[in-house]
Amino acid sequence: MNGNALSPAAARDAHGHEGKDHDRDFTHVYRTTPVTPRLYKLVVGAWIYACAVAIYTHYPDEHGRIASLAHLYYQAPFIALLAMWLWGINLWAWCILIRLHPHPLVVFELDDARIHMGHREVFKCAFYLTAVFAGSLALFLKYAASGVD
């Protein structure tokens, strides 16, 4: 470690943030995320819906080669995407629904709580990853059903 580097507590003291309660008060940490325009959210939502319709129409009824390949390629990413949505629900429940005291960030003793992602950031990331996942699966099924390699 660099000899000139300060620990997080020393850096706070150097900037004038002294006080015993400031080290464990995480109410100042939550930053607001940049607001995504509502039209952009609607366009991405329409994209997800169109991909879901394409997946429904191109997914084979019988369990053949295409269905087994789709399950092989997309089962693990689906589980990771589901885990991200559930993580967002967990953060939402902890911070908004339950309003735990002490705050969970205090329990886990984060040195720099600004690196914490809130439920909005997790939901936003999961939303865009869902759009990418749905588009990828729809294109895979469309081209696999048409026989294009």
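Residues numbered from 1 in each chain as written. Predicted model: local features only at pLDDT ≥ 70, side-chain atom pairs only at ≥ 80, totals over all residues. Heavy atoms only, no water.

Trainee: Could you give an account of the overall build of the protein, naming the residues involved and the relevant values?
Mentor: If you tally the helices and strands in the protein, you get five helices and zero strands. Sequence-ordered secondary structure for the protein, helices as α and strands as β, is α-α-α-α-α. The buried share of the protein, reckoned over its 149 residues, is 23%. Pairs at least 24 residues apart make up 83% of the contacts formed inside the protein by residues separated by at least 6 positions. When the accessible area of the protein is evaluated, it comes to approximately 11100 Å², of which 64% is carbon and sulfur surface. (Helix = DSSP H or I, 4+ residues; strand = E, 2+ residues; numbered from the N terminus. Buried < 20%, exposed > 50% of the residue type's maximum accessible area, 1.4 Å probe, protein only. Contact = heavy atoms within 4.5 Å. Areas by Shrake-Rupley, 256 points an atom, 1.4 Å probe, with all protein chains shown as cover.)

Trainee: Outline helix α5 (residues 119-146), supporting the account with residue identities and numerical values.
Mentor: Taking 1.5 Å of rise per residue, 28 residues should cover 40 Å, and α5 covers 40 Å from first to last C-alpha, within 8% of that figure. Taken from the residues just after α5, Gly147 is the one with a positive phi, measuring 85°. (Expected span 1.5 Å × (residues − 1).)

Trainee: Give me the lowdown on the packing of helix α2 (residues 38-58) against α5, citing residues and values where you can.
Mentor: Two quantities define a packed helix pair, namely the angle between the helix axes and the distance between the axes. For the pair α2 and α5, the least separation of the axes is 8 Å and the interaxial angle reads 30°. The pairing of α2 with α5 is recorded here as roughly parallel in orientation. Considering the relative orientation of α2 and α5, their crossing is left-handed. Residues Tyr40, Lys41, Val44, Gly45, Trp47, Ile48, Cys51, Ala54, Ile55 and His58 of α2 form the contact with α5, whose participating residues are Phe127, Tyr128, Thr130, Ala131, Ala134, Gly135, Leu137, Ala138, Leu141 and Lys142. Among the residues forming the contact of α2 with α5, the class breakdown is 14 nonpolar, four polar and two charged. (Axes fitted to C-alpha atoms, helices over the stretch in contact; angles between N-to-C directions. Parallel < 35°, antiparallel > 145°, perpendicular 65-115°, else oblique. Left-handed = near helix turned anticlockwise from the far one by under 90°. Nonpolar A, V, L, I, M, F, W, Y, C, P; charged D, E, K, R; others polar.)

Trainee: Report on the confidence of the model for the protein, specifying residues and quantitative values.
Mentor: Should the pLDDT be low somewhere, the predicted coordinates at that spot are not to be read in detail. Taken residue by residue, the protein gives an average pLDDT of 75. The fraction at 70 or more is 62%. With pLDDT under 50 throughout, residues 18-30 is counted as low confidence; its partners more than four residues away or in other chains account for 17 contacts. (pLDDT = per-residue confidence, 0-100.)

Trainee: Could you give me a rundown of the side chain of His119, with the residues and numbers involved?
Mentor: Mapped onto the elements, His119 comes out in helix α5. Residue classification places His119 among the buried residues on the basis of a relative accessible area of 12%. Not counting chain neighbours up to four residues away, the residues in contact with His119 comprise Gly88, Leu91, Trp92 and Ile96.

Trainee: Mind laying out α2, listing which residues take part and the relevant values?
Mentor: Compared with the 30 Å implied by 1.5 Å per residue over 21 residues, the 30 Å span of α2 between its first and last C-alpha is a close match. Looking only at α2, the buried set comprises Val44, Ile48, Cys51 and Ile55. Down the axis, α2 shows its buried residues gathered within 65° of arc, on one side only. In α2, the exposed residues that point more than 90 degrees away from the buried face are Arg38, Leu39, Leu42, Tyr49, Tyr56 and Thr57. Taken together, the buried residues of α2 touch α5. (Arc of directions from axis to C-beta.)

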